[in-house]
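Descriptive analysis of the structure
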Amino acid sequence: MNAELQSILALVVVAIAATALVVRLVKKRKNPGCGGECACPTDDLKVRIRRG
């Protein structure tokens, strides 16, 4: 493998990793709050708590 091909492959890997990070960031901004398994109360429980 020559140096030019290695450079291109490295840039492709970096681009894929950067894209994955941006996608994760955008997903978290769309659905803030509980991401799962954090022991947050469910919506049903929140309603019961508010009603007292």
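Heads up: these notes are all about the structure in this document. Everything quoted here is computed from the prediction, not taken from an experiment. (Residues numbered from 1 in each chain as written. Predicted model: local features only at pLDDT ≥ 70, side-chain atom pairs only at ≥ 80, totals over all residues. Heavy atoms only, no water.)

Take the overall build of the protein chain next. Helix and strand content of the protein chain: 2 helices and 0 strands. In the protein chain, buried positions account for 0% of the 52 residues. When the accessible area of the protein chain is evaluated, it comes to approximately 5,100 Å², of which 62% is carbon and sulfur surface. (Helix = DSSP H or I, 4+ residues; strand = E, 2+ residues; numbered from the N terminus. Buried < 20%, exposed > 50% of the residue type's maximum accessible area, 1.4 Å probe, protein only. Areas by Shrake-Rupley, 256 points an atom, 1.4 Å probe, with all protein chains shown as cover.)

Further remarks concern a nonpolar patch on the surface. Together, Met1, Leu5 and Leu9 make up an exposed nonpolar region whose accessible area comes to about 320 Å². With respect to the helices and strands, Leu5 occurs in helix 1 (residues 3–30). Here Leu5 falls in the partly exposed class, since its relative accessible area comes to 39%. (Patch = residues over 30% accessible without salt bridge, like charges linked within 9 Å, V, L, I, M, F, W, Y side chains within 5 Å. Salt bridge = Lys/Arg side-chain N within 4 Å of Asp/Glu carboxyl O.)

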